[in-house]
Amino acid sequence: MSNEQNTPPPTMYAVDSPDRLKTLMERTGTGQAVTSRELATLAGVAHGTIGALMAGTQRAVPEPKARAIATALGVDLLVLWVPLERSGRTFIPAQAAV
(Lines give C-alpha, C1' and ligand atoms only; values in the text may rest on other atoms or scores of the structure.)
Protein backbone atom coordinates (compact mmCIF):
# COMPACT_ATOMS: atom_id res chain seq x y z
CA MET A 1 0.00 0.00 0.00
CA SER A 2 1.40 3.42 -0.89
CA ASN A 3 1.53 6.40 1.42
CA GLU A 4 -0.84 8.32 -0.85
CA GLN A 5 -3.64 5.87 -0.09
CA ASN A 6 -3.12 6.23 3.67
CA THR A 7 -2.92 10.02 3.71
CA PRO A 8 -6.32 11.66 4.18
CA PRO A 9 -7.11 14.61 1.94
CA PRO A 10 -6.39 18.02 3.46
CA THR A 11 -9.18 19.80 5.26
CA MET A 12 -10.84 22.37 3.03
CA TYR A 13 -11.32 25.92 4.27
CA ALA A 14 -13.98 28.29 2.97
CA VAL A 15 -13.37 32.02 2.88
CA ASP A 16 -15.65 33.62 5.47
CA SER A 17 -16.54 36.47 3.12
CA PRO A 18 -15.07 37.91 -0.09
CA ASP A 19 -15.60 41.34 1.47
CA ARG A 20 -13.52 40.39 4.51
CA LEU A 21 -10.73 39.20 2.20
CA LYS A 22 -10.81 42.53 0.36
CA THR A 23 -10.80 44.46 3.64
CA LEU A 24 -7.82 42.48 4.95
CA MET A 25 -6.00 43.13 1.67
CA GLU A 26 -6.55 46.87 2.12
CA ARG A 27 -4.88 46.74 5.51
CA THR A 28 -2.73 43.72 6.23
CA GLY A 29 -1.15 42.88 9.56
CA THR A 30 1.66 45.32 8.71
CA GLY A 31 -0.85 48.09 7.97
CA GLN A 32 0.06 48.11 4.28
CA ALA A 33 -2.28 47.36 1.39
CA VAL A 34 -1.57 44.40 -0.88
CA THR A 35 -2.84 43.77 -4.42
CA SER A 36 -4.23 40.43 -5.51
CA ARG A 37 -1.06 39.75 -7.51
CA GLU A 38 1.14 40.62 -4.52
CA LEU A 39 -0.95 38.43 -2.23
CA ALA A 40 -0.74 35.54 -4.68
CA THR A 41 3.04 35.88 -4.83
CA LEU A 42 3.44 36.20 -1.06
CA ALA A 43 1.19 33.19 -0.42
CA GLY A 44 2.57 31.07 -3.25
CA VAL A 45 -0.85 30.53 -4.84
CA ALA A 46 -2.17 31.27 -8.32
CA HIS A 47 -3.35 34.81 -8.98
CA GLY A 48 -6.55 33.29 -10.38
CA THR A 49 -7.26 31.67 -7.02
CA ILE A 50 -7.07 35.03 -5.23
CA GLY A 51 -9.25 36.66 -7.91
CA ALA A 52 -11.84 33.89 -7.70
CA LEU A 53 -11.95 34.10 -3.89
CA MET A 54 -12.42 37.88 -4.10
CA ALA A 55 -15.17 37.52 -6.71
CA GLY A 56 -16.92 34.76 -4.78
CA THR A 57 -16.68 32.31 -7.69
CA GLN A 58 -14.41 30.07 -5.61
CA ARG A 59 -15.20 29.55 -1.99
CA ALA A 60 -12.81 26.94 -0.64
CA VAL A 61 -9.14 25.98 -0.78
CA PRO A 62 -7.09 23.23 0.89
CA GLU A 63 -5.68 24.01 4.33
CA PRO A 64 -2.09 24.71 3.17
CA LYS A 65 -3.31 27.43 0.78
CA ALA A 66 -5.66 28.91 3.38
CA ARG A 67 -2.80 29.06 5.91
CA ALA A 68 -0.45 30.64 3.35
CA ILE A 69 -2.99 33.35 2.46
CA ALA A 70 -3.73 34.11 6.11
CA THR A 71 -0.01 34.28 6.90
CA ALA A 72 0.64 36.59 3.95
CA LEU A 73 -2.13 38.89 5.23
CA GLY A 74 -0.74 38.76 8.77
CA VAL A 75 -3.88 37.32 10.36
CA ASP A 76 -4.80 34.12 12.17
CA LEU A 77 -6.28 31.38 9.99
CA LEU A 78 -9.77 31.57 11.50
CA VAL A 79 -10.05 35.35 11.01
CA LEU A 80 -10.58 34.71 7.29
CA TRP A 81 -11.38 31.01 6.94
CA VAL A 82 -13.99 28.51 8.14
CA PRO A 83 -13.01 24.81 8.15
CA LEU A 84 -15.28 22.56 6.14
CA GLU A 85 -16.08 19.01 7.19
CA ARG A 86 -14.41 16.36 5.04
CA SER A 87 -16.89 13.97 3.50
CA GLY A 88 -16.87 10.60 5.16
CA ARG A 89 -15.41 11.87 8.43
CA THR A 90 -17.52 10.98 11.42
CA PHE A 91 -17.56 12.97 14.61
CA ILE A 92 -17.49 10.67 17.63
CA PRO A 93 -17.95 12.53 20.92
CA ALA A 94 -15.89 11.43 23.90
CA GLN A 95 -17.74 9.12 26.26
CA ALA A 96 -18.95 10.65 29.47
CA ALA A 97 -17.32 9.41 32.65
CA VAL A 98 -19.39 6.70 34.31
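Everything discussed here concerns the structure shown above.
This text gives an overview of the structure that appears in the document. Keep in mind the model is a prediction, meaning the values are calculated, not measured. (Residues numbered from 1 in each chain as written. Predicted model: local features only at pLDDT ≥ 70, side-chain atom pairs only at ≥ 80, totals over all residues. Heavy atoms only, no water.)

1. Concerning the pattern of salt bridges
Should the charged atoms of two oppositely charged side chains come close, the side chains can pair.
Then step 1. Counting across every chain of the model gives two salt bridges.
Then step 2. For D16, the salt bridge is made with R20, and the minimal N-O distance between the two is 2.7 Å.
Then step 3. The exposure class of D16 is partly exposed, given its relative accessible area of 37%.
Then step 4. A salt bridge links R67 to E63, with the shortest nitrogen-to-oxygen separation between them at 2.9 Å. (Salt bridge = Lys/Arg side-chain N within 4 Å of Asp/Glu carboxyl O. Buried < 20%, exposed > 50% of the residue type's maximum accessible area, 1.4 Å probe, protein only.)

2. Looking at the environment of P10
Then step 1. Among the structural elements, P10 can be located in the loop between α1 (3-6) and β1 (12-15).
Then step 2. Residues P10 and P64, spaced 54 residues apart in sequence, show a C-alpha to C-alpha distance of 8.0 Å. (Helix = DSSP H or I, 4+ residues; strand = E, 2+ residues; numbered from the N terminus.)

3. Here's the deal with the nonpolar core
Then step 1. Ranked by internal contacts, the top residues of the largest apolar core, which has 20 residues, are L21, L39, L53, I69, L73, L80 and W81.
Then step 2. Secondary-structure elements contributing two or more residues to this core are β1, α2 (18-26), α3 (36-43), α4 (47-55), α5 (63-73) and α6 (77-80).
Then step 3. By residue number, the principal contributor to this core is α5, which donates four residues.
Then step 4. In this view, L21 contacts V15, L39, I50, L53, M54, L73 and L80; residues no more than four positions away in its chain are not counted. (Core = buried A, V, L, I, M, F, W, Y, C linked by side-chain atoms within 4.5 Å. Contact = heavy atoms within 4.5 Å.)

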